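# Reading the structure
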Amino acid sequence: MAPEPLREQFAYYGADGYYFNNNLWGKDSASSGSQVLYVNNASTNGSAWHTEWSWDGAPNNVKSYPYSGRELANGGKKKKLIKDIGSIWTKAEWDYRGDSIRANVAYDLFTAKDRDRDTSGGDYELMIWLGNYGGMYPIGSSTGHVTINGRSWELYVGMNGDMKVFSFLAGEHVKVFEGDLRPFFGHITEKHGFPAHEQHLTTLQFGTEPFTGSNARFDVWYWMGEVDQGS
């Protein structure tokens, strides 16, 4: 049985190692709008959900990040150092529709020296954009294009307060994605000095960042994530 829709600012639901958050963290910048997250399914095999939203005002401000996440410390497991992670396997199938949408579709992974740090932030943030509606741009400046897992990505690097942010942008909407995210950490470790030896993976999340638009619906037909699957 599906849970009640998540309507409140930080409404949360968790089941079978997955969790969901409506996460209206930037709603106060909007002149008007609303958002609801609906959990369609959550099981040990993955999750499915969708969100419906409309936001107006402050067109360059993110209003929210509705997402699903994977529990990384349960069943006796502890959050791992990036250097000790062999793989971060994931699959995402999604679609978007609506009017004048300005939003991204992205993985969001935080890391921290303290494995018990509050998961609302981190020392570093890795974002992997699979969709970009309305020509949005991430924090920082472009460092050029790199090839990871056989696909070309444009890498942006910048600061969000004290947190360094690495954002990889696909050149087109990738509505079905399956692969290992660990090589993205390998790249920023080798080329940008990311300290994999002292940073723990604290979040593994997938969702959308709405800026503005109306009658929007973001469907996640399927999403799963697994760190060192089978270990």
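What comes next concerns the included structure. (Residues numbered from 1 in each chain as written. Predicted model: local features only at pLDDT ≥ 70, side-chain atom pairs only at ≥ 80, totals over all residues. Heavy atoms only, no water.)

Looking now at the pairing of strand E9 (residues 151-160). Across six bridges, strand E8 (residues 141-148) lies against E9 in antiparallel orientation. Paired with Val146 across the bridge in E9 is Trp153. In the sheet, E9 pairs with strand E10 (residues 163-170) via eight bridges, with the strands oriented antiparallel. Within E10, the residue paired with Tyr156 across the bridge is Ser167. Connecting E9 to the next strand, E10, in antiparallel fashion are two residues, including Gly161 with a positive phi near 65 degrees. (Pairing = 2+ DSSP bridges. Helix = DSSP H or I, 4+ residues; strand = E, 2+ residues; numbered from the N terminus.)

With that out of the way, let us pick up the side chain of Asp108. By the element assignment, Asp108 lies in strand E6 (residues 88-112). Buried charged residue Asp108 carries no salt bridge. Nearest counter-charge: Arg117, at 12 Å. The residues touching Asp108, leaving out its near neighbours within four places in the chain, are Tyr65, Glu125, Leu126, Met127, Thr203, Leu204 and Gln205. (Buried < 20%, exposed > 50% of the residue type's maximum accessible area, 1.4 Å probe, protein only. Lys, Arg positive; Asp, Glu negative; His and termini not counted. Salt bridge = Lys/Arg side-chain N within 4 Å of Asp/Glu carboxyl O. Contact = heavy atoms within 4.5 Å.)

Where charged atoms from two side chains of opposite charge approach closely, those side chains can pair. By the definition in use, this model includes 13 salt bridges. When the shortest N-O distance is used, the salt bridge between Arg217 and Glu52 registers 3.4 Å. Of this pair, Arg217 sits in strand E13 (residues 205-227) while Glu52 is found in strand E4 (residues 46-56), placing the two residues 165 residues apart along the sequence. In this structure Arg217 comes out as partly exposed when scored by relative accessible area, which is 22%. Residue class for Glu52 comes out partly exposed when judged on its relative accessible area of 31%. When the shortest N-O distance is used, the salt bridge between Glu190 and Lys191 registers 3.8 Å. Lys191 gets classed as exposed once you look at its relative accessible area, which sits at 54%. Three or more residues are tied together by salt bridges with common partners; here these are Glu52, Arg97, Arg217 and Asp219.

Let us look at the pairing of E4. For E4, a buried count of eight out of 11 residues is recorded, marking the element as mostly surrounded by other parts of the structure. Where strand E3 (residues 32-43) meets E4, 11 bridges bridge the pair, whose relative direction is antiparallel. Pairing of Val36 across the sheet is with Glu52, part of E4. From the end of E3 to the start of E4, which pair antiparallel, there are two residues. For E4 and E13, the ladder comprises seven bridges, and the chain directions are antiparallel. When the bridges of E13 are listed, Glu52 appears paired with Arg217.

In this section: the packing of aromatic side chains. If you walk through the whole model with that rule in mind, you get 23 aromatic pairs. Aromatic pair Tyr18 and Trp223: ring centres 5.8 Å apart, planes at 85 degrees, arrangement edge-to-face. You can see Tyr18 sitting in strand E2 (residues 18-21) and its partner Trp223 sitting in strand E13, a full 205 residues away along the chain. On the basis of relative accessible area, Tyr18 is assigned to the buried category, the value being 1%. Judged by its relative accessible area of 0%, Trp223 is buried. A cation sits over an aromatic face here: Arg70 above Tyr18, 4.5 Å from the ring centre. (Phe/Tyr/Trp six-rings, centres within 6.5 Å; stacked < 30°, edge-to-face > 60°. Lys NZ or Arg CZ within 6 Å of the ring centre and 35° of its normal.)

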